[in-house]
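Here is what each chain is made of, one letter per residue.
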Amino acid sequence: MTDKVFKDQVAIVTGAGQGIGFEISRQLAAQGACVVLNDLDASLAERAAADIREEGGQCVAVPGDSADEAIIDDMVQVAVDTYGKLTIAVANAGITLFGDFFEYKAEDLRRVLEVNIMGTFLLTQAAARQMRKQKSGGRILLMSSVVGHQAHQYLAAYAMTKAGIEMLAKNLVLELSPYGITINTVAPGATLTERTLHEDPEYPKVWSAITPMGRPAIREDIAHAALFMLSPLSGHVTGQSLVVDGGWTAVSPLPDLSNMKVAKDQ
């Protein structure tokens, strides 16, 4: 893709204060898009938006819970009021709560469902309504995971939500295509981010050993796949999932989880 391929595009990206969401936002802005950046942590959101502006991009922060319908409506309104329209939505926000199935708490399940399913569904709905109103098409991207394709111990609830997100994208082809709106998912495998490195210093070593390509992904690997799905190059691609995992799902070896604490917010 050439520079400024996203000129005149306006994007919402949730869960973008750091990690994959930030990198998607940064690259969209670098290639000409105006970005509405969301994160639950207000300080992270504001700092991330400022960093993008310092690099010459256009970006405004809308902090808040991405599963809150009022926050979602605010994001859409800010996009329209600040930049005149909305053409791209990336439902990146999500939480991972590891846990033994037999001991999994109902409140943990509700929170995973709320953020991963409700937040994704409601952002998709709000963005699609605005795109339909504009009558000029659009791109919607949902963030899935390799565990929506392959089993992973202690991730039953999270994996269920990611498989559901992929089915949502497939099903909405029927309702969004008449309005020129594509909807797809990107399913990252193990990825080096601030969170994964902070929570497990051995993460690079462990996942390098069990990933066929010899290393986990970096943020840019996932962002590049996302930008393809959002660009004019994917105009006839919809209802699909792009797995970015260095070949892990082809063989699916699990990491050693014997010393893992299994009931914490990821």
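It should be noted that the structure appears before, not after, this text.
In what follows, the accompanying structure is described. (Residues numbered from 1 in each chain as written. Predicted model: local features only at pLDDT ≥ 70, side-chain atom pairs only at ≥ 80, totals over all residues. Heavy atoms only, no water.)

Right, let's talk about the nonpolar core for a bit. Residues I24, L28, V35, L37 and V186 are the most contacted members of the largest nonpolar core, which totals 32 residues. When neighbours within four sequence positions are excluded, V35 is seen to be in contact with A11, V13, S25, L28, A29, Q58, C59, V60 and Y83. Among the nonpolar cores identified, the runner-up in size contains 29 residues, and M75, Y83, L176 and I183 belong to it. (Core = buried A, V, L, I, M, F, W, Y, C linked by side-chain atoms within 4.5 Å. Buried < 20%, exposed > 50% of the residue type's maximum accessible area, 1.4 Å probe, protein only. Contact = heavy atoms within 4.5 Å.)

In spatial order, the strands read β3-β2-β1-β4-β5-β6-β9; together these seven strands make up an open sheet with parallel pairing. Two strands bound the open sheet, and with one partner strand each, they are β3 (58-61) and β9 (241-244). Neighbour to neighbour, the strand axes of the sheet diverge by 20° on average, direction disregarded. The pairing of strand β5 (residues 138-143) with strand β6 (residues 181-188) spans six bridges and is parallel. Counterpart to L141 in the pairing with β6 is N184. Across the face of the sheet, helix α2 (residues 42-54) comes into contact with β2 (34-37) and β3 while running at roughly 170° to β3. Against the sheet, helix α8 (residues 219-230) engages β4 (88-91), β5, β6 and β9, with an angle of about 165° to β6. (Pairing = 2+ DSSP bridges. Helix = DSSP H or I, 4+ residues; strand = E, 2+ residues; numbered from the N terminus. Axes fitted to C-alpha atoms, helices over the stretch in contact; angles between N-to-C directions.)

Let us look at the side chain of T87. Within the fold, T87 resides in the loop between α3 (69-83) and β4. For T87, a relative accessible area of 8% gives the class buried. For T87, the side chain forms a polar contact with the side chain of Q9, separated by 2.8 Å. In this structure, T87 is in contact with Q9, V10, M131, G138 and R139, ignoring residues within four places of it in sequence. (Polar contact = N/O pair within 3.5 Å; in protein donor to acceptor, adjacent residues only side chain to side chain.)

What follows deals with the packing of α3 against helix α4 (residues 106-134). Across the interface, α3 lies against α4 with an axial gap of 10 Å and an inter-helix angle of 30°. The hand of the α3/α4 crossing is right-handed. Across the interface between the two elements, E69, I72, D73, V76 and V80 from α3 touch G119, L122, L123, A126, A127 and Q130 from α4. Across the contact of α3 with α4, the residue classes tally to seven nonpolar, two polar and two charged. (Left-handed = near helix turned anticlockwise from the far one by under 90°. Nonpolar A, V, L, I, M, F, W, Y, C, P; charged D, E, K, R; others polar.)

Spatial relationships are all this shows, so hold off on functional conclusions.
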